[in-house]
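# Commentary on secondary and tertiary structure
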Amino acid sequence: MSGVHKHPTISFRVSDREREIIEAKILASGMQKKDYFVRSCIYNKICVVGKKEVIYQLVEELQNMQTNISELVRQLKQQDVTLTDEGLEDMRNDCMDMLQAIISMLDGAKYLWQGAKEEKEKSPNSGNCQDL
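Since we're looking at a predicted model, the values are computed, not measured. (Residues numbered from 1 in each chain as written. Predicted model: local features only at pLDDT ≥ 70, side-chain atom pairs only at ≥ 80, totals over all residues. Heavy atoms only, no water.)

## Considerations on the packing of helix α3 (residues 52–77) against helix α4 (residues 85–108)
One way to put it is that α3 packs onto α4 with a least axis distance of 11 Å and a crossing angle of 145 degrees. The handedness of the crossing between α3 and α4 is left-handed. Mapping the contact onto sequence places Leu 58, Glu 61, Leu 62, Met 65, Asn 68, Ile 69 and Leu 72 in α3 and Leu 88, Met 91, Cys 95, Met 98, Leu 99, Ile 102 and Met 105 in α4. (Axes fitted to C-alpha atoms, helices over the stretch in contact; angles between N-to-C directions. Helix = DSSP H or I, 4+ residues; strand = E, 2+ residues; numbered from the N terminus. Left-handed = near helix turned anticlockwise from the far one by under 90°. Contact = heavy atoms within 4.5 Å.)

As structure tokens, then:
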């Protein structure tokens, strides 16, 4: 069936200048555009901006994970698990994805709490962060 895709599309808007920079990086990489975007999103370092909204969002996600895992533990203790194998795998994947994203963000911000020896080090700049 033409026009039917198995996987969802992710899209976003960029300025003309941002598009030119992205296109140049893709050309220089020699990769297909899709592969470049996927690798950039998954493997690139993340610039953490300390905003209350971001922290609240992460706390909310962690609270949801805690609620779901607590309920699963309760069901396991009672030997009355209502979650299917597929549902359990989905829950596992969701938790792992969120935890890996949080770990990656914390790794990008570790310069904030590293010892005095490393205080002279600037924040990591993977090209996603702008120096202010």
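## Let's talk about a negative patch on the surface
There is a patch of like negative charges on the surface, built from Glu 86, Asp 90, Asp 94 and Asp 97. For Asp 97, the position within the fold is in helix α4. Take Asp 97: its relative accessible area is 49%, and that puts it in the partly exposed class. (Patch = residues over 30% accessible without salt bridge, like charges linked within 9 Å, V, L, I, M, F, W, Y side chains within 5 Å. Areas by Shrake-Rupley, 256 points an atom, 1.4 Å probe, with all protein chains shown as cover. Salt bridge = Lys/Arg side-chain N within 4 Å of Asp/Glu carboxyl O. Lys, Arg positive; Asp, Glu negative; His and termini not counted. Charge placed at Lys NZ, Arg CZ, Asp CG, Glu CD. Buried < 20%, exposed > 50% of the residue type's maximum accessible area, 1.4 Å probe, protein only.)

## Concerning helix α1 (residues 16–29)
In a regular helix each residue adds 1.5 Å, so 14 residues correspond to 20 Å; α1 covers 20 Å between its end C-alpha atoms and thus fits that length. Immediately downstream of α1, the backbone of Gly 30 shows phi near 75 degrees, a positive value. (Expected span 1.5 Å × (residues − 1).)

## So, the packing of α1 against helix α2 (residues 33–43)
Between α1 and α2, the shortest axis-to-axis distance is 10 Å and the interhelical angle comes to 105 degrees. Judged by the angle between their axes, α1 and α2 are roughly perpendicular. Residues Arg 19, Ile 22, Glu 23, Lys 25, Ile 26 and Ser 29 of α1 form the contact with α2, whose own contacting residues are Lys 33, Tyr 36 and Phe 37. (Parallel < 35°, antiparallel > 145°, perpendicular 65-115°, else oblique.)

## Some remarks on the side chain of Gln 75
Relative to the elements of secondary structure, Gln 75 occurs in helix α3. Classification of Gln 75 by relative accessible area gives buried; the value is 9%. Those residues in contact with Gln 75 that sit more than four places away from it in its chain are Asp 80, Val 81, Thr 82 and Leu 83.

## Things to note about the UniProt feature "coiled-coil region" (unreviewed entry) in the chain
On the UniProt side, "coiled-coil region" (unreviewed entry) is annotated at positions that read residues 55–82 here. Taken as a whole, residues 55–82 contains 82% helix and 0% strand, while its terminal C-alpha atoms sit 32 Å from one another. (UniProt positions renumbered as here; feature names shortened; annotations may be inferred.)

## Structural notes on the environment of Arg 74
Mapped onto the fold, Arg 74 is located in helix α3. Within the structure, Arg 74 has its side chain in polar contact with the side chain of Gln 78 (distance 2.8 Å). (Polar contact = N/O pair within 3.5 Å; in protein donor to acceptor, adjacent residues only side chain to side chain.)

## Some details on the pattern of salt bridges
Applying the stated criterion across every chain yields a total of six salt bridges. Taking the shortest distance from any N to any O, the salt bridge between Arg 74 and Glu 71 comes out at 2.5 Å. In this pair, Arg 74 and Glu 71 are both assigned in helix α3, three residues apart and thus about one turn of the helix distant. A salt bridge links Glu 89 to Arg 92; the shortest N-O distance between them is 3.8 Å. Of this pair, Glu 89 and Arg 92 both sit in helix α4, separated by three residues, roughly a single helical turn. When its relative accessible area of 46% is taken as the criterion, Arg 92 is described as partly exposed.

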